[in-house]
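Structural characterization, general
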Amino acid sequence: MQELKPIGLKNAPLPKMIGSLMHSNQFLKTFTISSLALVFMVLGVLLVMATKEPLVITLRSDGKAIEQVAQPKAEDQIKEGINKYLEKRYQWEPENVIKKLKESEKFITPQALKAFQSAVANVAKFSTDKIVSQRIYPNNIEINLSKGTAYITGDRVTSIQGLKAAGNLKLELTFESGPRTEMNPWGIYISKEREE
């Protein structure tokens, strides 16, 4: 007869693999939850940083900090723009009258430019032919924002071939706001001029 051999039973590998897989799933779940919490924390910090105003430190050429000042009033900005226009338009010599009047065109609205150019062409011709120079000294500039007008009073000194004459200056300018440029950083454009 044949000899009986003992049969060894082997454990099935499937339950061990399932247990190992469940253990690694727990690890993945923990890793996912911690990653999600980290993402929300980063988003919160990012949101706080994005809504916070930036800190800007400006320095002068010598390395000292420039102090922050309040925004200037609209009337002050308009007065500065009008002063610059008056300097270009009403203060000239026979040598630079054409250049100054050309520079003052940067303060005129496009609709009024043709009329302005024809008006100042006579002034330039008269100034160069008769050797006329002019200077104005504005004493008071009153700004009316609701009407868009500026009323200027002061003195005007005109020199014709060396003879000087002084007179009063009464000028009303109608202005509009427009784009700010290098030549006109105030964005003030004159649409109408009226002298009394």
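First, a word on scope: everything that follows refers to the structure included in this document. (Residues numbered from 1 in each chain as written. Predicted model: local features only at pLDDT ≥ 70, side-chain atom pairs only at ≥ 80, totals over all residues. Heavy atoms only, no water.)

A few words now on the overall build of the protein chain. Helices and strands together make up the secondary structure of the protein chain, namely four helices and four strands. Along the protein chain, helices (α) and strands (β) appear in the sequence α-α-α-α-β-β-β-β when read from the amino end. For the protein chain, the C-alpha atoms occupy an extent of roughly 150 × 40 × 35 Å along the three principal directions. Here the protein chain holds 196 residues, and 24% of them are scored as buried. Considering only intrachain contacts with a sequence separation of at least 6, the fraction spanning at least 24 residues in the protein chain is 49%. Within the structure as shown, the protein chain displays about 15200 Å² of accessible surface, and the carbon and sulfur contribution to it stands at 60%. Separation between the mean location of the 27 positive side-chain charges and that of the 21 negative ones in the protein chain comes to 8 Å. (Helix = DSSP H or I, 4+ residues; strand = E, 2+ residues; numbered from the N terminus. Buried < 20%, exposed > 50% of the residue type's maximum accessible area, 1.4 Å probe, protein only. Contact = heavy atoms within 4.5 Å. Areas by Shrake-Rupley, 256 points an atom, 1.4 Å probe, with all protein chains shown as cover. Lys, Arg positive; Asp, Glu negative; His and termini not counted. Charge placed at Lys NZ, Arg CZ, Asp CG, Glu CD.)

Attention shifts here to the packing of aromatic side chains. Within the structure shown, the criterion is met by two aromatic pairs. Ring geometry for Phe107 and Trp186: centres 6.3 Å apart, planes at 25°, overall stacked. On the criterion of sequence distance, the pair formed by Phe107 in the loop between α3 (97–104) and α4 (113–130) and Trp186 in the loop between β3 (163–177) and β4 (188–195) is long-range, its members being 79 residues apart. On the basis of relative accessibility, which here comes to 2%, the residue Phe107 falls in the buried class. On the basis of relative accessibility, which here comes to 22%, the residue Trp186 falls in the partly exposed class. A network of ring pairs unites the aromatic residues Tyr85, Phe107 and Trp186 as a single cluster. One residue, Arg89, lies across the ring of Tyr90, its end atom 4.6 Å from the ring centre. (Phe/Tyr/Trp six-rings, centres within 6.5 Å; stacked < 30°, edge-to-face > 60°. Lys NZ or Arg CZ within 6 Å of the ring centre and 35° of its normal.)

Across the sheet, four strands lie side by side as β1-β2-β3-β4; this open sheet has antiparallel pairing. Edge positions in the sheet fall to β1 (132–144) and β4, since each of these pairs with one other strand and no more. With direction set aside, neighbouring strand axes in the sheet form an average angle of 30°. Bridging between β1 and strand β2 (residues 149–160) involves 12 bridges; their strand directions are antiparallel. (Pairing = 2+ DSSP bridges. Axes fitted to C-alpha atoms, helices over the stretch in contact; angles between N-to-C directions.)

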